[in-house]
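Structural features, examined
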Amino acid sequence: AQTVTQSQPEMSVQEAETVTLSCTYDTSENNYYLFWYKQPPSRQMILVIRQEAYKQQNATENRFSVNFQKAAKSFSLKISDSQLGDTAMYFCAFMSGFGANSKLTFGKGITLSVRP
Amino acid sequence: DAGITQSPRYKITETGRQVTLMCHQTWSHSYMFWYRQDLGHGLRLIYYSAAADITDKGEVPDGYVVSRSKTENFPLTLESATRSQTSVYFCASSESAGNYEQYFGPGTRLTVT
């Protein structure tokens, strides 16, 4: 079974600075997908970024980028130029790439606070 | 309105009562999911469905029942609610299998007293 570990329960960053959220996972599969979801105080789950394991290039979405280290099974999220609206809980998630298995396995999440 | 909706948004019930949480999506997505979110556990999959009349267990299915008679609806029933089922419940849907984004509903906060 796959596991996703987010070892930092909370982080804080000054507005406009850069912060990196860590995530590690464990799987025996070679083909899979990784995601970061954001959950603001509204509770809505929002997809931030995704990475296909077969792609060597790290995914980027505006101020959000990942550092995907497949051999180390590490998938960290970097938020540049942090904004107050980035304050939220962030979840790392894993999805198997095999067949019809679309199930997401989530980490426990990390609470990010952006200070003005 | 288009999208994925859940009802009710908040529910308080007593131990032993039956409760049904509703989920409706307007995209005709094949896949639908139910997760529960608890402090310290992140989101955990309860049940999922690949199509109408096809459902399967997730990580924490005990005490829950689902059905999918229509593609757009995926109700979750707690047959005899327990305090351990106090949680926030999220429904999600995706177009297909594999690397397709899952779209989440707004969640239902359920309290069992």
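Residues numbered from 1 in each chain as written. Chains lettered and ligands numbered in written order. Predicted model: local features only at pLDDT ≥ 70, side-chain atom pairs only at ≥ 80, totals over all residues. Heavy atoms only, no water.

Brief notes about the pairing of strand E4 (residues 31-38) of chain B
Put simply, side chains in a regular strand alternate between the two faces of the sheet. All names here are of chain B. For E4, a buried count of 8 out of 8 residues is recorded, marking the element as mostly surrounded by other parts of the structure. Burial along E4 is two-sided: the residues Tyr31, Phe33, Tyr35 and Gln37 and Met32, Trp34, Arg36 and Asp38 are all buried. Pairing analysis gives 7 bridges linking E4 to strand E9 (residues 87-94), with the strands arranged antiparallel. The residue bridging Gln37 from the neighbouring strand is Val88, located in E9. As paired strands, E4 and strand E5 (residues 42-51) are joined by 7 bridges and run antiparallel to one another. Pairing of Trp34 across the sheet is with Tyr47, part of E5. (Buried < 20%, exposed > 50% of the residue type's maximum accessible area, 1.4 Å probe, protein only. Helix = DSSP H or I, 4+ residues; strand = E, 2+ residues; numbered from the N terminus. Pairing = 2+ DSSP bridges.)

Side note on the environment of Cys91 of chain B
All names here are of chain B. With respect to the helices, strands and loops of the structure, Cys91 is situated in strand E9. Given a relative accessible area of 0%, Cys91 falls into the buried group. Cys91 sits 32 residues away from Glu59 along the chain, and the two C-alpha atoms are 15 Å apart. If sequence neighbours within four positions are ignored, Cys91 has contacts with Ile4, Gln6, Cys23, Met32, Phe33, Trp34, Tyr103, Phe104 and Gly105. (Contact = heavy atoms within 4.5 Å.)

As for the interface of chain A and chain B
Between chain A and chain B, the residue contacts involve 20 residues of the former and 27 residues of the latter. Counting each side, the surface lost to burial between chain A and chain B is near 2,000 Å², with a carbon and sulfur contribution of 51%. Our count for the contact surface shared by chain A and chain B stands at 1 salt bridge. For Glu101 of chain B, the salt bridge identified is with Arg50 of chain A, shortest N-O distance 3.9 Å. The tally of links from chain A across to chain B stands at 4 residue pairs in polar contact (both at pLDDT 80 or more). Broken down by secondary-structure element, the contributors of at least two residues to the side of chain A that touches chain B are strand E5 (32-39), strand E6 (46-52), strand E10 (88-96) and strand E11 (104-106) of chain A. The dominant element in the side of chain A that touches chain B, judged by the number of residues it contributes, is E5 of chain A, at 4 residues. (Buried area = accessible area lost by both parts, 1.4 Å probe. Salt bridge = Lys/Arg side-chain N within 4 Å of Asp/Glu carboxyl O. Polar contact = N/O pair within 3.5 Å; in protein donor to acceptor, adjacent residues only side chain to side chain.)

Some remarks on the state of the cysteines
Residues and elements named next belong to chain A. Summed over all chains, the structure comprises 2 disulfides over all chains. Covalently, Cys23 is tied to Cys92 through a disulfide, its sulfur atoms 2.0 Å apart. With the S-S dihedral at roughly -70 degrees, the linkage between Cys23 and Cys92 falls on the left-handed side. With Cys23 in the loop between strand E3 (19-21) and strand E4 (24-26) and Cys92 in strand E10, the pair connects residues that are 69 residues apart, well separated along the chain. (Disulfide = S-S within 2.5 Å.)

Observations concerning the pattern of salt bridges
Residues and elements named next belong to chain A. In the structure shown here, the tally under the stated rule is 7 salt bridges over all chains. A salt bridge links Lys55 to Glu52, with the nearest nitrogen and oxygen atoms 3.8 Å apart. Residue Glu52 is classed as buried on the basis of its relative accessible area, which comes to 12%.

Examining the sheet that holds strand E7 (residues 64-66) of chain B
Residues and elements named next belong to chain B. Read from one edge to the other, the open sheet built from 4 strands follows the order E1-E3-E8-E7, with strand pairing classed as antiparallel. At either margin of the open sheet sits one strand with a lone partner, and together these are strand E1 (4-7) and E7. Here the average twist between neighbouring strands, direction ignored, is 20 degrees. Here 3 bridges tie strand E3 (residues 19-25) to strand E8 (residues 76-78), and the two strands are oriented antiparallel to one another. Looking across to E8, one finds that Thr20 is bridged to Thr77. (Axes fitted to C-alpha atoms, helices over the stretch in contact; angles between N-to-C directions.)

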